[in-house]
Amino acid sequence: THCLESLFKESTGGRDLVIDVKYGKPNKPAYEFAERQLLAQLHTQSLSDPDDCSPAECSPAECALQQMTIYAVGDNPASDVRGANQAGKNWRSLLVRTGVFKAGSNDPTYPADIVTDDISTAMQAIFALENVEY
């Protein structure tokens, strides 16, 4: 952001850049966009009304989305994990030791719900949590 602010200031004769909404992780709009995309996909699929959701309260797709767990897998505690942890009650953060985060049992500042060595073991953990055989 500092680079963008400097370039803006230089190209506009010293005006300050005002950013009202930040996009991208860990900011909420990125996760809201992901939820909207999931909802759009659910709308295109044939869904029956979940037992514990009244159609008067929401569409079948919206009810399904409210009841599901959304797993965010990433290697950066400050963006991936922090964003997922702040995104809402349906989100679960999975931290993989493949990039930014490589050592330790969890990040002390932005701890993940689950920590695994790689994406393969992350998927195995998700399948186990969701009772899905693979």
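Remember, predicted model here, so these are calculated numbers, not experimental data.

A. Local environment of unusual backbone geometry. With a phi close to 55°, asparagine 131 is a non-glycine residue in the positive phi region. On the basis of relative accessible area, asparagine 131 is assigned to the exposed category, the value being 72%.

B. A look at the environment of leucine 39. Locating leucine 39 in the fold gives a position in helix α2 (residues 28-44). Through-space distance from the C-alpha of leucine 39 to that of leucine 65 is 6.5 Å; in sequence the pair is 26 residues apart.

C. Representation of the pairing of strand β2 (residues 91-96) within the structure. When you tally the buried positions in β2, you get five out of six residues, the bulk of the element. Here five bridges tie strand β1 (residues 70-74) to β2, and the two strands are oriented parallel to one another. Across the sheet, the residue bridging to isoleucine 70 is tryptophan 91, located in β2. Since β1 and β2 lie parallel, the crossover through helix α4 (residues 77-87) that links them has a hand, and here it is right-handed.

D. Region of the structure containing α2. In a regular helix each residue adds 1.5 Å, so 17 residues correspond to 24 Å; α2 covers 25 Å between its end C-alpha atoms and thus fits that length. Among all positions in α2, only Pro29, Tyr31, Leu39 and Leu42 are buried. End-on, the buried residues of α2 take up no more than an arc of 160°, which puts them together on one face.

E. Highlighting the nonpolar core. Residues Tyr31, Leu39, Leu42, Ala64, Leu65, Ile70, Ala72, Ala84, Ala87 and Trp91 constitute the largest nonpolar core, which totals ten residues. Counting only elements with at least two residues in this core, the list comes to α2, α3 (60-67), β1 and α4. A total of three residues in this core trace back to one element, the largest contributor, which is α2. When near neighbours in sequence (up to four residues on either side) are disregarded, alanine 87 contacts Lys28, Tyr31 and Glu35. Counting six residues, the second largest nonpolar core, distinct from the first, contains Leu94, Val96, Ala122 and Ile126.

F. Focus on the sheet that holds β1. What the three strands build is an open sheet, ordered β1-β2-β3; its pairing is parallel. If you trace the sheet from one side to the other, it starts and ends with β1 and β3 (114-116), each paired once. Neighbouring strand axes in the sheet, compared pairwise and without regard to direction, differ in orientation by 25° on average.

Each value, and the rule that gives it
Residues numbered from 1 in each chain as written. Predicted model: local features only at pLDDT ≥ 70, side-chain atom pairs only at ≥ 80, totals over all residues. Heavy atoms only, no water. Buried < 20%, exposed > 50% of the residue type's maximum accessible area, 1.4 Å probe, protein only. Helix = DSSP H or I, 4+ residues; strand = E, 2+ residues; numbered from the N terminus. Pairing = 2+ DSSP bridges. Right-handed = clockwise from strand over helix to strand, strands pointing away. Expected span 1.5 Å × (residues − 1). Arc of directions from axis to C-beta. Core = buried A, V, L, I, M, F, W, Y, C linked by side-chain atoms within 4.5 Å. Contact = heavy atoms within 4.5 Å. Axes fitted to C-alpha atoms, helices over the stretch in contact; angles between N-to-C directions.

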